[in-house]
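Spelled out from the first residue to the last, the chains are:
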Amino acid sequence: MKQPEPVQQVKYRRDTALQTLVGAIPYAQFLGIQFERHGDELTAVLPFDETHIGNPILPALHGGAIASFMEVTAIVELSWAMLWEDLESGRLNAESMALDMPRLPKTIDFTIDYLRTGLPRDAYARARVNRSGRRYASVHVEAWQDNRARLFAQATGHFLMPQPPLPPSGGR
């Protein structure tokens, strides 16, 4: 009987894959977006930064920073869901992912509801994939700050799924 993989090795493989995935999105680094992983569940974190303030009088987070944070959250969640099975089965090597990064979904549209002012503090978001097919996916995102039940924004996005590469032609 095959021995189960040591838990530290499983965590390392998953964390390495997630860091590589997030690292493939330069705007996530620009905003400072981080991801916390618990099993296959991801929570995005937008640490507060003065550069995220749009209205210094209130002060309030800029709507563009909020929208970008939520769109990155949706793309990472959708990509993570696509990669999960291959990562867990060993078909995808977390260490070589950076060299052969799978293509990311492309945004078709992204609609945001700003429910209340984003305060000058850390923000959190979680995405849920509503539908994911071969060509199209729909994702819902919720964002909060101090209280998970008190959302300050929510969004729905539709994405074009990356197509697998075509097999090489037989010498033509």
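From a predicted model like this one, the values you see are computed outputs, not experimental measurements. Numbers given to residues run from 1 along each chain, matching the order in which its sequence is written. Local features in a predicted model are, by the rule used here, given only for residues with pLDDT of at least 70; side-chain atom pairs are given and counted only at 80 or more, and totals for whole chains, interfaces and linings are based on all residues. Working from all heavy atoms in the structure, the side-chain values ignore hydrogens and water.

Trainee: Explain helix α1 (residues 7-23) residue by residue, including any values.
Mentor: Numbered from the N terminus, helices here are DSSP runs of H or I no shorter than four residues, and strands are runs of E no shorter than two. Take the number of residues in a helix, subtract one, and multiply by 1.5 Å to get its expected span. When the terminal C-alpha atoms of α1 are compared, their 24 Å separation across 17 residues agrees well with the 24 Å that a helix rising 1.5 Å per residue should span. Burial here depends on accessible area, computed with a 1.4 Å probe over protein chains only, as a share of the maximum for the residue type. Under 20% is buried, over 50% is exposed, and the range in between is partly exposed. Residues of α1 that are buried: Val10, Arg13, Arg14, Thr16, Ala17, Leu18, Thr20, Leu21 and Val22. As for α1, its buried residues are in contact with α2 (26-31), β1 (34-38), β2 (41-46) and α3 (63-89). The contact definition used throughout considers only heavy atoms, calling two residues in contact when any of these lie within 4.5 Å.

Trainee: I'd like a rundown of the packing of aromatic side chains, residues and numbers included.
Mentor: Two rings belonging to Phe, Tyr or Trp (six-membered ring only in the last case) form a pair when the distance between their centres is within 6.5 Å. Interplanar angles under 30 degrees mark stacking, angles over 60 mark edge-to-face geometry, and anything in between is tilted. Counting across every chain of the model gives four aromatic pairs. Ring centres of Tyr27 and Phe30 lie 5.5 Å apart, and the angle between their planes is 20 degrees; on these two criteria the pair is classed as stacked. Of the two residues, Tyr27 and Phe30 both sit in helix α2, three residues apart, roughly one turn of that helix. Looking at Tyr27, the relative accessible area reads 41%, which means it is partly exposed. Where Phe110 meets Phe159, the ring centres are 6.4 Å apart and the plane angle is 65 degrees; that geometry is what we call edge-to-face. Note that Phe110 is positioned in strand β5 (residues 106-114) and Phe159 in strand β8 (residues 151-160), a separation of 49 residues in sequence. Residue placement shows Arg148 over the ring face of Trp144; its charged tip is 4.2 Å from the ring centre. Distance and angle both matter: a charge sits over a ring if NZ of Lys or CZ of Arg is within 6 Å of the ring centre and within 35 degrees of the ring normal.

Trainee: Summarise a nonpolar patch on the surface; cite the residues concerned and give the values.
Mentor: Together, Ile108, Tyr136 and Leu160 make up a nonpolar patch on the protein surface, roughly 260 Å² of accessible area in all. Mapping Ile108 onto the fold places it in strand β5. Excluding any residue in a salt bridge, patches collect residues exceeding 30% relative accessible area, merging like charges within 9 Å and nonpolar Val, Leu, Ile, Met, Phe, Trp and Tyr side chains within 5 Å. Computed by Shrake-Rupley with a 1.4 Å probe, the accessible areas treat only the displayed protein chains as cover when residues are assessed. The rule for a salt bridge is simple: a side-chain nitrogen of Lys or Arg has to be within 4 Å of a carboxyl oxygen of Asp or Glu.

Trainee: Break down the sheet that holds strand β7 (residues 136-144) for me, with residues and values.
Mentor: With antiparallel pairing, the six strands of this open sheet are ordered in space as β1-β2-β6-β7-β8-β5. Lying at the two open borders of the sheet, with one neighbouring strand each, are β1 and β5. Along the sheet, successive strands turn relative to each other by an average axial angle of 25 degrees, direction set aside. As paired elements, β2 and strand β6 (residues 123-132) share three bridges and run antiparallel to each other. DSSP-based pairing: two strands are paired if at least 2 bridges between them are found. The axes are straight lines fitted to the C-alpha atoms, using for helices just the contacting stretch, and the angles between their N-to-C directions are given from 0 to 180°.

Trainee: Any chance you could break down the packing of α1 against α3 for me, citing the residues and the numbers?
Mentor: Packing of α1 against α3 leaves a shortest axis separation of 11 Å and a crossing angle of 140 degrees. As far as their axial angle goes, α3 and α1 are oblique. Seen from above, α1 lies across α3 with right-handed handedness. Contact residues: Arg13, Arg14, Ala17, Leu18, Leu21 and Val22 in α1; Val76, Ser79, Trp80, Leu83, Trp84, Leu87 and Glu88 in α3. Note on residue classes: Ala, Val, Leu, Ile, Met, Phe, Trp, Tyr, Cys and Pro are nonpolar, Asp, Glu, Lys and Arg are charged, and everything else, Gly too, is polar. Among the residues forming the contact of α1 with α3, the class breakdown is nine nonpolar, one polar and three charged. Under this scheme an angle from 65 to 115 degrees is roughly perpendicular, one under 35 degrees roughly parallel, and one over 145 degrees roughly antiparallel; angles in between are oblique. If you view the pair so one helix is near and one far, a crossing is left-handed when the near helix is turned anticlockwise from the far one by less than a right angle, and right-handed when it is turned clockwise.

Trainee: Help me get a handle on the side chain of Thr73, residues and values and all.
Mentor: Relative to the helices and strands, Thr73 resides in helix α3. Of the residues examined, Thr73 reaches a relative accessible area of 2% and is grouped as buried. In this view, Thr73 contacts Phe35, Ala44, Ala125, Arg126, Ala127 and Val141; residues no more than four positions away in its chain are not counted.

Trainee: So what's going on with α3? Which residues, and what values?
Mentor: Helical geometry: 3.6 residues make up each α-helical turn, so side chains three or four residues apart lie on a common side. An ideal rise of 1.5 Å per residue puts 39 Å on 27 residues; α3 measures up with 40 Å between its terminal C-alpha atoms. To get the bend at any residue, fit one axis to the seven residues that end at it and another to the seven that begin at it, then take the angle between the two axes. For α3, the principal kink sits at Leu83 and spans about 40 degrees. After α3 finishes, the residue Gly90 shows a positive phi value of roughly 95 degrees.

Trainee: So what about unusual backbone geometry? Which residues, and what values?
Mentor: With omega at -20 degrees, the peptide bond leading from Leu58 into Pro59 counts as cis. Within the fold, Pro59 resides in the loop between β3 (53-55) and β4 (60-61).

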